[in-house]
Structures are given as C-alpha cells and as structure tokens.
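# An overview of the molecular structure
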Amino acid sequence: QVQLAESGGGAVQPGGSLRLSCAASVSIFRINFMAWHRQAPGKQREFVASITSGGNTNYAESVKGRFTISRDNAKNTVALQMNSLKPEDTAVYSCNANVVESGILNVYWGQGTQVTVSS
C-alpha cells in the first residue's frame, strides 16, 4: 500500500510560479512511475507530467517549457515546478504512482491540491 500526499498548491497571479510536492509513504525506489495530472472544473482529468524510476520525463504539450518534474529519492518526493503560470493552468493537481507489487501493477492516487491562477 502506498499513500501519496500533495502539497504546495495555492493562488498565484498569471506569470507566477508554484512548486508542488508529492510525498510517498514508501521509498520511491519502489515506485516505477510517478506522474502529475490535473482536473479543471467541468473538464476531464488530464495528464501533466511523468517521471520514471530511471529519471525519464514526459510532459503534456501545454506545459512543455514551463513545468519541470523531478524526483528527490532521499525525501521520497516528486516535485512539479510550475513557472509562467496561466489562468488555464487552474485545476486540482493530483499525483499518482504505479507500483509493481508481487507481480501486480497497482495504481495509487493522492487527494490533490488546488492551484488557482488569477489576476
């Protein structure tokens, strides 16, 4: 069982920055894949960024060049640095972890953290 806890959300003006953090209850060396997703009001959840245990990253086109995902193995956290924020980035951001346990892929989700970009 893996528990995930997001933090770092808040309100910021357009052009500002926020850093989200996702803390895992287990060593992230055990986690094959972690990602951030977001869901805006009235919209479906969408992929934002991911990072594998090997450090390979992937980003949605809408955030490339503005967002950076990273892992801190010592702190068992994955961070999402968000720069040049736009109003359309407003959403609840959630992290997920894919963990292979006893040969079975389990997918875990955090509760999410609100990000609001508004002037």
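Residues numbered from 1 in each chain as written. Predicted model: local features only at pLDDT ≥ 70, side-chain atom pairs only at ≥ 80, totals over all residues. Heavy atoms only, no water.

### A closer look at the overall build of the protein
Stated precisely, the cut-off is as follows: A run of H or I in DSSP becomes a helix once it reaches four residues, and a run of E becomes a strand once it reaches two; helices and strands are each numbered from the N terminus. Note that the radius of gyration is over C-alpha atoms, with the globule rule given as 2.2 Å times the number of residues to the power 0.38. Partly exposed describes any residue whose relative accessible area lies between the buried limit of under 20% and the exposed limit of over 50%, with all areas from a 1.4 Å probe on protein chains only and scaled to the type maximum. Should any heavy atoms of two residues lie within 4.5 Å, those residues are considered in contact. In these tables, accessible area is a Shrake-Rupley quantity obtained with a 1.4 Å probe, and a residue counts as shielded only by the protein chains included in the view. The sign given to each residue is positive for Lys and Arg and negative for Asp and Glu; His and the chain ends receive no count. Throughout, a charge is located at the NZ atom of Lys, the CZ atom of Arg, the CG atom of Asp or the CD atom of Glu.
A count of helical and extended segments in the protein gives zero helices and eleven strands. For the protein, the sequential pattern of α-helices and β-strands runs β-β-β-β-β-β-β-β-β-β-β. Over its C-alpha trace the protein gives a radius of gyration of 14 Å, about what one expects of a compact globule, namely 14 Å for 119 residues. In terms of its C-alpha atoms, the protein occupies a principal-axis envelope of roughly 50 × 25 × 25 Å. A buried classification covers 44% of the 119 residues belonging to the protein. Restricting the contact set of the protein to residue pairs at least 6 apart, pairs at least 24 apart contribute 54%. Surface accessibility of the protein: about 6300 Å² in total, with carbon and sulfur atoms responsible for 46%. Of the side chains in the protein, 10 bear a positive and 7 a negative charge, and the two mean positions are spaced by 2 Å.

### Looking at the nonpolar core
So the rule is basically this: By convention a nonpolar core is built from buried Ala, Val, Leu, Ile, Met, Phe, Trp, Tyr and Cys residues, the set being connected through side-chain atoms within 4.5 Å.
By size, the foremost hydrophobic cluster in this structure holds 33 residues, and its most contacted members are Leu4, Ile31, Met34, Trp36, Leu80, Met82 and Tyr93. Listed by contribution, the elements that provide at least two residues to this core are strand 3 (18-24), strand 4 (33-39), strand 5 (46-52), strand 7 (67-72), strand 8 (77-82), strand 9 (91-101) and strand 11 (113-117). Per-element tally for this core: the top contributor is strand 9, with five residues.

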